[in-house]
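Single-letter residue listing:
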Amino acid sequence: MSARLYEVQARIAEAVARAGRAPGSVTLVAVSKTHPVEVVREAVDAGQAVFGENRVQEAAAKFPMLRASLGPAHPGLAVHLIGGLQTNKARDAVRLADVIESLDRPRLADALADAASKEGRLPRLLIQVNVGDEPQKAGVPRAEADAFIRDCRARFGGALAGLMCIPPAEGDPALHFDWLAACAAHHGLATVSMGMSGDYECAIAHGATHVRVGSAIFGVRAAAAGSSAGGPA
Ligand SMILES: *Cc1c(COP(=O)(O)O)cnc(C)c1O
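An account of the accompanying structure is given in this report. Just so you know, these numbers come straight off a predicted model, no measurement behind them. (Residues numbered from 1 in each chain as written. Predicted model: local features only at pLDDT ≥ 70, side-chain atom pairs only at ≥ 80, totals over all residues. Heavy atoms only, no water.)

## Observations concerning the packing of aromatic side chains
Then comes step 1: What the rule picks out here adds up to one aromatic pair.
Then comes step 2: Measuring from centroid to centroid gives 5.7 Å for phenylalanine 51 and phenylalanine 63, while their planes differ by 45°, and the two rings are tilted. Note that phenylalanine 51 is positioned in strand S2 (residues 50–53) and phenylalanine 63 in helix H3 (residues 56–70), a separation of twelve residues in sequence. (Phe/Tyr/Trp six-rings, centres within 6.5 Å; stacked < 30°, edge-to-face > 60°. Helix = DSSP H or I, 4+ residues; strand = E, 2+ residues; numbered from the N terminus.)

## Side note on the side chain of threonine 191
Then comes step 1: Turning to its location among the elements, threonine 191 is positioned in strand S8 (residues 191–193).
Then comes step 2: With a relative accessible area of 12%, threonine 191 lands in the buried category.
Then comes step 3: Beyond its immediate chain neighbours, meaning those up to four positions away, threonine 191 contacts Leu126, Ala161, Gly162, Leu163, Thr209 and His210. (Buried < 20%, exposed > 50% of the residue type's maximum accessible area, 1.4 Å probe, protein only. Contact = heavy atoms within 4.5 Å.)

## Overview of the nonpolar core
Then comes step 1: In this structure, Leu103, Leu112 and Ile127 are the most contacted members of the largest nonpolar core, which totals 66 residues.
Then comes step 2: Each residue touching isoleucine 127, except ones within four places of it in the same chain, is listed here: Glu101, Leu103, Val140, Phe148, Ile149, Cys152, Leu160, Gly162, Leu163 and Met164.
Then comes step 3: If you look at the next biggest cluster of nonpolar residues, it comprises five residues, including Val99, Leu126, Ala161 and Ile166. (Core = buried A, V, L, I, M, F, W, Y, C linked by side-chain atoms within 4.5 Å.)

## Focus: the packing of helix H6 (residues 142–156) against helix H7 (residues 174–186)
Then comes step 1: Running from N to C, H6 and H7 cross one another at 20°; their axes reach a closest spacing of 11 Å. In terms of orientation, H6 lies roughly parallel with respect to H7. The two elements H6 and H7 cross, and the hand of that crossing is right-handed. Judged by residue contacts, Arg142, Ala145, Asp146 and Ile149 of H6 engage His176, Trp179, Cys183 and His186 from H7. (Axes fitted to C-alpha atoms, helices over the stretch in contact; angles between N-to-C directions. Parallel < 35°, antiparallel > 145°, perpendicular 65-115°, else oblique. Left-handed = near helix turned anticlockwise from the far one by under 90°.)

## Notes on the pattern of salt bridges
If the charged atoms of two oppositely charged side chains come close together, the side chains can form a pair.
Then comes step 1: For the coordinates displayed, the defined rule picks out 14 salt bridges.
Then comes step 2: A salt bridge links glutamate 201 to arginine 18, with the shortest nitrogen-to-oxygen separation between them at 4.0 Å. A residue pair is termed long-range when its members are at least 10 positions apart, and glutamate 201 in helix H8 (residues 200–205) and arginine 18 in helix H1 (residues 2–18) qualify at 183 residues.
Then comes step 3: The salt bridge partner of arginine 95 is glutamate 119, with a shortest N-O separation of 3.1 Å. With arginine 95 in helix H4 (residues 90–96) and glutamate 119 in helix H5 (residues 106–119), this residue pair connects regions lying 24 residues apart in the sequence.
Then comes step 4: The exposure class assigned to arginine 95 is partly exposed, which follows from its relative accessible area of 44%. (Salt bridge = Lys/Arg side-chain N within 4 Å of Asp/Glu carboxyl O.)

## Side note on empty space enclosed by the protein
Then comes step 1: Counting across every chain of the model gives one cavity of 30 Å³ or more.
Then comes step 2: Looking at the largest cavity, its volume works out to about 30 Å³.
Then comes step 3: What lines the largest cavity is simply His80, Val99, Arg124, Leu126, Ala161, Thr191 and His210.
Then comes step 4: The class makeup of the residues in the lining of the largest cavity is three nonpolar, three polar and one charged. (1 Å grid on protein atoms, 1.4 Å probe; cavity = no way out; pocket = protein on both sides within 12 Å on 5 of 7 lines; lining within 4 Å. Points joined across faces, edges and corners; volume = space filled by probe spheres on them. Nonpolar A, V, L, I, M, F, W, Y, C, P; charged D, E, K, R; others polar.)

## Topic: the environment of aspartate 110
Then comes step 1: Relative to the elements of secondary structure, aspartate 110 occurs in helix H5.
Then comes step 2: Assessed through its relative accessible area of 40%, aspartate 110 is described here as partly exposed.
Then comes step 3: Taking the C-alpha atoms as reference points, aspartate 110 and histidine 210, separated by 100 residues in sequence, lie 26 Å from one another.

## Concerning unusual backbone geometry
Then comes step 1: Here threonine 34, not a glycine, exhibits a phi torsion of approximately 75°, which is positive.
Then comes step 2: By the element assignment, threonine 34 lies in the loop between strand S1 (27–31) and helix H2 (37–45).
Then comes step 3: Among the residues examined, threonine 34 registers a relative accessible area of 27% and is labelled partly exposed.

Here's what the structure looks like:
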């Protein structure tokens, strides 16, 4: 696993250099969904600090324990929730996550605002845009993105950090990546989360600040659990 992690880190650094961007300008979110906490621990020992999970319950079972085991001297871990989020999980998500990448509808914004006031903490938030306007996919439709971004900015202020997308599986993702990066820039949002195992170098060439890479690091996931991008949390 650590050899694959180092290879992905090296390919990210090369893609950043090829794009003429500053070293360190892209953060690797290692997507550890479905993999046991021991494997996450190996990645932590290899220097990885930022992880992505798509189910709140799974993240809650893994990360508080892991954090506790690392001790106070450790610089700390960051957990990004990247999967579709049900409103009834909003409170657990707000308690646990450093970043919620899948804010995609007004009712979820309501639930997160409510949870944040009860918990007294608010993770950073990314709005997921359904860049391909695919009916089976989560994310705010492209045409509604501007209005939803403005609403969330008014409501969450600086906690609204950026945008996230999962482009259609078929076809060239570059146009979708360009669209998301331009939309983020238009709204003055710094974070652009896009690119997975198959296309993270392309995403970096087109402006990603965060890439979410799972199988290229941890190997192929079991088919049944959590393998569909953006499955239920
Ligand atoms: C699973 C998942 C990833 C990682 O996918 P890989 O192809 O394994 O790199 C990235 N983003 C989201 C939203 C996911 O659900």
